[in-house]
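# Structural description and commentary
Single-letter residue listing:
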Amino acid sequence: MLPFRGTPARGALRHRPPPRPRRRRLMRRCARRPARSASPIAFLPSEPCPAMLLPCVRSVAARRLARDVPRACSCSAQGPSPRGYSRGAAGKGLVLGVYSSEKDDGAAQLTSAGDAFDRLVSGKLRALLSLCGPPLKKGKTRIFHGLHQDFPSVAVVGLGKKNAGINEQENWNEGKENIRTAVAVGCRQIQDLEIPCVEVDPCGDAQAAAEGAVLGLHEYNELKQKKKPVVTPQLHGSAESEAWQKGVIYAEGQNLARYLMEAPANYITPIKFAEHIEQKLRSFSNVKVHIRQESWITAQEMGAFLSVAKGSAEPPIFLEIHYLGSANTDDSPLVFVGKGVTFDSGGISLKPSSGMDAMRADMGGAATVCSAIVTAAALNLPLNIIGLAPLCENMPSGKANKPGDVVRAKNGKTIQVDNTDAEGRLLLADALCYAHNFNARAIVNAATLTGAMDVALGSAATGVFTNSSWLWTHLYEASILTGDRVWRMPLFEHYTKQVTDCPLADVSNIGKYSRAGGACTAAAFLKEFVTASHWAHLDIAGVMSNKDEVPYLRKGMAGRPTRTLVEFAARLSQDSHNAK
Ligand code: BES
Ligand code: ZN
Ligand code: ZN
């Protein structure tokens, strides 16, 4: 253990040469009693131990280590558990980035924060990196213990190519994605060591680094007695703190959506959802939240929404949020609408029981749009946004919709409910009609609407169906930055015909060719309730959950594409073009 006495001010430490004499004393002590405890430098079990490598490595780095590193090295495989290491009162983890080598010698290309840290520890970081294996690949880590008294554990993570920018094939900014991934992996390593605080290298883009840290550490632990240790990420250094803070806010927005989507349906009922969002917005004086009850929904003649809700014992809620961020409170708002089915059993057209539990996240549309508004308020974005979320359960019961029933939407159109599992479009039909009351700049709805969307694109991108190329461009450009991508889908008349050719009503809630183009017929159905010239429907069924596709999100409900919605709103707030 490094024998630390007191904790000098951080700034002072950064500019002070490393405490060599003390280390020599320690080395002598370790040499006398080699097997007693952890040496200042230890490695995770999977990593080679530098002291063991010393006899066969003949580089400058090895010679330096031979001088400075005690020979008695205890790999954590044999040594004490991470809990056993003394970290000192101020002990923090540190995550540093390293670019893949551009030269043949494979020498580590540290970031500027990595470079500064390496100087602080007299070049030991570089030396260890060259000793402990091949150059770090993108997203791979090595962890070093005991390099510096402020940072008992340092995770070095591969960032990939140094100047990775926008990748035209992938439709995203690869540099930002690499940073998010690397930082997430590094932070999780520190979390595994149960270190409560981690400083993070901004890696040249503090917003992306903060997003990687906050998204990468998030886990839904709420209902478990044994929880993962809480780790607080902080920016390493003082530059770019504004960008870091912005990244934290964006990521916390997505985490809010993940939380709501992951929570069991008996915890997040329609009213609980609304109350949770209301509580998040309580501190903002420029936000008004209306939690509309069933009587209000009935008075609004939202017959399609009510027809779904009546199958459940849980009362429906229509959540309405007004965020007035624009200097002019009369400015036309951006209107967000989100499908809020807090549990979708399918109703009388019951879903198979296997995997049905995932339908607790069928309020992902409501979760992402409401979280985007919470985030917009936290960022104080200068535009007005209205959020609308019809919330209910889709359950089978004696009062539930039956296949073939006909219901009437708010705009007077009649709908034949040919499949009660196609319920999301019924809620949205009424909510979209209502959205036309606000003289909106644009109406954007998000919904976990169709399994067919997942079949079409999987989790690579959200499908966007829009009647406006202006809107599409904003969404697309936003998504390149966030890495939470969108892909444009068709709104052809071809699909409209398949939902309007209906025996008993104006429109059927499923396409007449059953499963063919299911995401497109669902979008065509929604279009029947839209007259606005700037409308986009985001089918987010494919991006609802994450297995391991997005490396900076753990397995579970993904909260996608909250950051894209926020970035989109931020761009709209800068767009002087009046879309109306
Ligand atoms: N909520 C589902 C869609 C869904 C499926 C979301 C998988 C996320 C993952 C929706 O209400 C639904 O059940 N849609 C049906 C429509 C069909 C009956 C025309 C579907 O996709 O099977
Ligand atoms: Zn359904
Ligand atoms: Zn559904």
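Everything numeric here is computed off the predicted structure, so don't read it as measured data.

### Topic: the packing of aromatic side chains
The full count for this structure, using the stated rule, is nine aromatic pairs. Summarising the aromatic geometry, the rings of F117 and F151 are spaced 6.1 Å apart at their centres and angled 70° between planes, so their arrangement reads as edge-to-face. Taken together, the positions of F117 in helix α5 (residues 112-120) and F151 in strand β4 (residues 151-160) put the pair 34 residues apart, joining distant regions of the chain. As far as burial versus exposure is concerned, F117 and F151 are alike and both buried. Aromatic ring contacts, followed pair by pair, group W296, F318, Y434 and F438 into a single cluster. The side chain of R485 reaches across the aromatic face of W172, ending 3.9 Å from its centre.

### Concerning the sheet that holds strand β14 (residues 405-408)
Strand order in the open sheet formed by three strands is β14-β15-β19, and the pairing between neighbours is mixed. Both edges of this open sheet fall to β14 and β19 (507-508), since each of them pairs with a single strand only. Bridge count between strand β15 (residues 414-417) and β19: two bridges; the pairing is parallel. Bridging across to β19, I415 finds its partner in V507.

### Details of the site of ligand 1
Residues in contact with ligand 1 amount to 16 residues; listed here are only the nearest, K351, D362, D421, E423 and G451. Taking D362, its side chain carries an N or O atom lying 2.8 Å from a nitrogen atom of ligand 1. Within the backbone of G451, a nitrogen or oxygen atom sits 2.7 Å from an oxygen atom of ligand 1. Alone, ligand 1 offers 510 Å² of accessible surface; in the complex the protein occludes 76% of this.

### Remarks on the layout of surface pockets
Approximately 1000 Å³ is the volume attributed to the largest pocket. Of all the secondary-structure elements, those providing two or more residues to the lining of the largest pocket are α15 (451-457) and α18 (518-527). No other element matches the four residues that α15 contributes to the lining of the largest pocket. Residues belonging to the lining of the largest pocket are distributed by class as follows: 12 nonpolar, 14 polar and 11 charged. Of all the secondary-structure elements, those providing two or more residues to the lining of the second largest pocket are α8 (206-217), β8 (232-235), α9 (241-262), α10 (270-281) and α13 (364-379). Its residues assigned to classes, the lining of the second largest pocket comprises 13 nonpolar, eight polar and five charged.

### A closer look at the environment of K351
In this structure, K351 sits in the loop between β12 (340-344) and α13. What makes K351 partly exposed here is its relative accessible area of 22%. Expressed as a C-alpha distance, the spacing of K351 and D421, which sit 70 residues apart in the sequence, is 7.6 Å. Once residues lying within four places of it in the same chain are set aside, the contact partners of K351 are D344, S345, G346, M356, M359 and D421.

### Observations regarding the UniProt feature "domain: Cytosol aminopeptidase" (unreviewed entry) in the chain
Per the UniProt record, "domain: Cytosol aminopeptidase" (unreviewed entry) is annotated on residues 419-426. The span residues 419-426 carries 38% helix and 0% strand; its end-to-end C-alpha distance comes to 11 Å.

### Observations concerning the pattern of salt bridges
Within the structure shown, the criterion is met by 26 salt bridges. The partner of K351 in a salt bridge is D344, and the shortest N-O contact between them spans 4.0 Å. Owing to a relative accessible area of 2%, D344 belongs among the buried residues under this scheme. The closest approach of N and O atoms between D421 and K351, which form a salt bridge, is 2.9 Å. Of this pair, D421 sits in the loop between β15 and α14 (424-435) while K351 sits in the loop between β12 and α13, and the two are 70 residues apart along the sequence. Here the salt bridges share partners, and the residues they tie into one network are E177, R180, E211 and R563.

### Structural notes on the pairing of strand β17 (residues 462-466)
The buried fraction of β17 amounts to five of the five residues, a majority that puts the element mostly inside the structure. Side chains T462, V464 and T466 project from β17 onto one buried face, and the interleaved G463 and F465 project onto a second face that is buried too. The pairing of β17 with strand β18 (residues 486-489) spans four bridges and is parallel. What sits directly across from F465, in β18, is M489. Crossover β17 to β18 through helix α16 (residues 469-482) is right-handed. Pairing of β17 with strand β20 (residues 535-539) involves four bridges; the strand directions are antiparallel. Bridging from a neighbouring strand, G463 pairs with D539 of β20.

Here is what the cut-offs are and how they apply
Residues numbered from 1 in each chain as written. Chains lettered and ligands numbered in written order. Predicted model: local features only at pLDDT ≥ 70, side-chain atom pairs only at ≥ 80, totals over all residues. Heavy atoms only, no water. Phe/Tyr/Trp six-rings, centres within 6.5 Å; stacked < 30°, edge-to-face > 60°. Helix = DSSP H or I, 4+ residues; strand = E, 2+ residues; numbered from the N terminus. Buried < 20%, exposed > 50% of the residue type's maximum accessible area, 1.4 Å probe, protein only. Lys NZ or Arg CZ within 6 Å of the ring centre and 35° of its normal. Pairing = 2+ DSSP bridges. Near = heavy atom within 4 Å. Polar contact = N/O pair within 3.5 Å; in protein donor to acceptor, adjacent residues only side chain to side chain. Areas by Shrake-Rupley, 256 points an atom, 1.4 Å probe, with all protein chains shown as cover. 1 Å grid on protein atoms, 1.4 Å probe; cavity = no way out; pocket = protein on both sides within 12 Å on 5 of 7 lines; lining within 4 Å. Points joined across faces, edges and corners; volume = space filled by probe spheres on them. Nonpolar A, V, L, I, M, F, W, Y, C, P; charged D, E, K, R; others polar. Contact = heavy atoms within 4.5 Å. UniProt positions renumbered as here; feature names shortened; annotations may be inferred. Salt bridge = Lys/Arg side-chain N within 4 Å of Asp/Glu carboxyl O. Right-handed = clockwise from strand over helix to strand, strands pointing away.

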